[in-house]
Amino acid sequence: MLHWFLTTLANLIHAASPILKSYGLPAVFALLFIESAGVVFAPGEAMIVAAGFLAARGLFPVWIALPLAMLAATLGGYAAYGLGGRYGYKALLRYGRYVGIMPPMLDKTHHFFQRFGAPVVLVGRFIVPLRQLQGYLAGAAEMGFQPFAIWSAMGAILWVMAWGGGAFLLAGSIPS
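What counts, and where the lines are drawn
- Residues numbered from 1 in each chain as written.
- Predicted model: local features only at pLDDT ≥ 70, side-chain atom pairs only at ≥ 80, totals over all residues.
- Heavy atoms only, no water.
- UniProt positions renumbered as here; feature names shortened; annotations may be inferred.
- Helix = DSSP H or I, 4+ residues; strand = E, 2+ residues; numbered from the N terminus.
- Buried < 20%, exposed > 50% of the residue type's maximum accessible area, 1.4 Å probe, protein only.
- Polar contact = N/O pair within 3.5 Å; in protein donor to acceptor, adjacent residues only side chain to side chain.
- Contact = heavy atoms within 4.5 Å.
- 1 Å grid on protein atoms, 1.4 Å probe; cavity = no way out; pocket = protein on both sides within 12 Å on 5 of 7 lines; lining within 4 Å.
- Points joined across faces, edges and corners; volume = space filled by probe spheres on them.
- Nonpolar A, V, L, I, M, F, W, Y, C, P; charged D, E, K, R; others polar.
- Phe/Tyr/Trp six-rings, centres within 6.5 Å; stacked < 30°, edge-to-face > 60°.
- Salt bridge = Lys/Arg side-chain N within 4 Å of Asp/Glu carboxyl O.

- Labelled according to an unreviewed UniProt entry, the chain appears under the name Putative membrane protein, originating from Acidithiobacillus ferridurans.
- Comment text from UniProt for the chain, heading Subcellular location (unreviewed entry), reads "Cell membrane".

What follows is the structure, given as structure tokens:
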């Protein structure tokens, strides 16, 4: 199991390191923001793992890289929530039938987020594509912003610490 995990970390580092070495921490912020905002389905884990690994190797200060990643993921989720709250429900009512989403499904989603929104937002950070869509869904389902903001930020912190902190702590065991 540990071998699989270390190999996975090595593959993620290999994928994102050239971007980070060329563009630095602004690339971490930009990619994680647009991914968390649901603009693109980008490999956020790869960017965080590479940032943690490169911080362990001295390229970035870890006390800047990981909090920056947390901030980007959190703000991206808030942007998606705002867009979902402003346009999501109306857009789904108008265009949802073209992708198989009918009004009764919207009602179920609304009730689901009212009841289970907090754990969905927290755990959803670890699940692709839910991570990219949860802000839109929570906003469209009229989940309150305050609970969304708290649980989304907590999810972002845990997500970055799991991937980036794990890579930082395991950097000596990850194959180059």
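After that view, the rundown keeps rolling.
## Some thoughts on the side chain of arginine 131
Stage number 1. For arginine 131, the position within the fold is in helix 6 (residues 130-140).
Stage number 2. Accessibility expressed as a relative area gives 1% for arginine 131, which makes it buried.
Stage number 3. Of the polar contacts made by the side chain of arginine 131, one reaches the side chain of glutamate 35; its length is 2.9 Å.
Stage number 4. Residue contacts for arginine 131: discarding those within four places in its chain leaves Glu35, Ser36, Glu45, Gly124, Arg125, Phe126 and Trp159.

## Looking at the layout of surface pockets
Stage number 1. What the largest pocket holds in volume is close to 150 Å³.
Stage number 2. Lining of the largest pocket is provided by Tyr89, Leu92, Ile101, Met105, Leu106, Thr109, His110, Leu137, Ala140 and Ala141.
Stage number 3. Counting residues per element, the ones that place at least two in the lining of the largest pocket are helix 4 (62-95), helix 5 (103-124) and helix 6.
Stage number 4. In terms of residue count, the dominant contributor to the lining of the largest pocket is helix 5 (4 residues).
Stage number 5. Grouping the constituent residues of the lining of the largest pocket by class yields 8 nonpolar, 2 polar and no charged.

## A word on the packing of aromatic side chains
Stage number 1. Evaluated as defined, the whole model comprises 7 aromatic pairs.
Stage number 2. Taken together, a centroid distance of 5.3 Å and an interplanar angle of 50° make the contact between phenylalanine 112 and phenylalanine 116 tilted. Of the two residues, phenylalanine 112 and phenylalanine 116 both sit in helix 5, 4 residues apart, roughly one turn of that helix.
Stage number 3. With a relative accessible area of 34%, phenylalanine 116 lands in the partly exposed category.
Stage number 4. Grouped by ring-pair contacts, the aromatic residues Tyr78, Tyr81, Phe145 and Phe148 constitute a single cluster.

## Side note on the side chain of arginine 125
Stage number 1. Note on placement: arginine 125 falls in the loop between helix 5 and helix 6.
Stage number 2. Polar contacts involving the side chain of arginine 125 include one to the side chain of serine 36, which spans 3.0 Å.
Stage number 3. Side-chain polar atoms of arginine 125 contact the side chain of serine 152, separated by 3.3 Å.
Stage number 4. If we skip the residues at most four places from it in the chain, arginine 125 touches Ser36, Ala73, Arg131, Gln134, Ser152, Gly155, Ala156 and Trp159.

## Some remarks on the pattern of salt bridges
Stage number 1. Scanning all chains against the criterion turns up 2 salt bridges.
Stage number 2. Of the charged contacts in the structure, one is a salt bridge between arginine 131 and glutamate 35, with a shortest N-O distance of 2.9 Å. Residue arginine 131 is found in helix 6, and its partner glutamate 35 is found in helix 2 (residues 25-36); the two are separated by 96 residues along the sequence. In terms of burial, arginine 131 and glutamate 35 fall into one category: buried.

## Focus: the UniProt feature "domain: VTT" (unreviewed entry) in the chain
Stage number 1. Under the feature "domain: VTT" (unreviewed entry), the UniProt entry names residues 43-163.
Stage number 2. In residues 43-163, the share of helix is 82% and the share of strand is 0%. The end C-alpha atoms are 12 Å apart.

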